[in-house]
Each structure stands twice: as structure tokens, then as C-alpha cells.
Amino acid sequence: MSDHHLATVTAVLRIRRSLALLAAAAVAALLLTAVGAGSAVAAPGTWLSRINSYRVANGRSRLTEDYQASRVAQRWTQKMAATGSWPTTPSTGRR
């Protein structure tokens, strides 16, 4: 594999991870807004289970959770709920 191809693949993977993190944070923020920050929210993994059920029923493969991204998204969602703001995207600690 050429250096250029490897760099392109690496960049695409970084973008996918960033989009997944942003999507997780957005969904969590919407859930907190809809349900209320003090109310019970579905247990972690429940949404992934529902999405996977839909995917399998439609001939698609299951998704797996990125636990590091989930932890970052959870902390960021808690910060957004506590401050009532939508600050810039957090660092994932990955380079």
C-alpha cells in the first residue's frame, strides 16, 4: 500500500470516528432535551440494540460500539446538560 493511499485511508477513518462521536453526542443531547436532564434515560447499549435489530431485519450487518468514543460522548453530553450549551467538539485523545 502506498503512503498516499495509507494517509487517505487513515484520514477517512478519522473522519468516520469524528462523525460517529458527533452523532452520539447529538443523539444524547436530543434525548436529554426530550426526556429532561433529571429523568431516566435508556440504558447504554439499548439504542445500539434497537439499531442492530433494524439493520439485521433489513439484511445489514450489526454495528459495534466504540467504547472510548462512547465515554467521551457521555462526558460531553453531561457537560452540555449541566451548562445548557452546545460548545465545540471535545478532543477524543486520539491523534
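Scroll up to find the structure this text is about.
Residues numbered from 1 in each chain as written. Predicted model: local features only at pLDDT ≥ 70, side-chain atom pairs only at ≥ 80, totals over all residues. Heavy atoms only, no water.

Enquirer: Go over the overall build of the protein, please, and point to the residues and values.
Expert: If you tally the helices and strands in the protein, you get 3 helices and 0 strands. Ordered by position from the N terminus, the helices and strands of the protein form the series α-α-α. Looking at the protein as a whole, 14% of its 95 residues are labelled buried. Considering only intrachain contacts with a sequence separation of at least 6, the fraction spanning at least 24 residues in the protein is 50%. Here the protein has roughly 7,300 Å² of accessible surface; of this, 60% comes from carbon and sulfur atoms. (Helix = DSSP H or I, 4+ residues; strand = E, 2+ residues; numbered from the N terminus. Buried < 20%, exposed > 50% of the residue type's maximum accessible area, 1.4 Å probe, protein only. Contact = heavy atoms within 4.5 Å. Areas by Shrake-Rupley, 256 points an atom, 1.4 Å probe, with all protein chains shown as cover.)

Enquirer: An account of the packing of aromatic side chains is needed here, citing residue identities and associated values.
Expert: On inspection of all chains with the given rule, the structure shows 0 aromatic pairs. Looking at Arg50, its charged tip hangs above the ring of Trp47, at a distance of 4.6 Å from the centre. (Phe/Tyr/Trp six-rings, centres within 6.5 Å; stacked < 30°, edge-to-face > 60°. Lys NZ or Arg CZ within 6 Å of the ring centre and 35° of its normal.)

Enquirer: Now, about the environment of Trp76: what can you tell me, with residues and values included?
Expert: Within the secondary structure, Trp76 is located in helix 3 (residues 67–83). Of the residues examined, Trp76 reaches a relative accessible area of 16% and is grouped as buried. Distance from Trp76 to Ala25, taken between C-alpha atoms, is 7.1 Å for residues 51 residues apart in sequence.

Enquirer: Break down the side chain of Arg55 for me, with residues and values.
Expert: Assignment of secondary structure puts Arg55 in helix 2 (residues 46–57). For the buried Arg55, no salt bridge exists, and the shortest N-O distance to an oppositely charged side chain is 14 Å, to Glu65. Separated by 2.6 Å, the side chain of Arg55 and the backbone oxygen of Ser61 make a polar contact. (Lys, Arg positive; Asp, Glu negative; His and termini not counted. Salt bridge = Lys/Arg side-chain N within 4 Å of Asp/Glu carboxyl O. Polar contact = N/O pair within 3.5 Å; in protein donor to acceptor, adjacent residues only side chain to side chain.)

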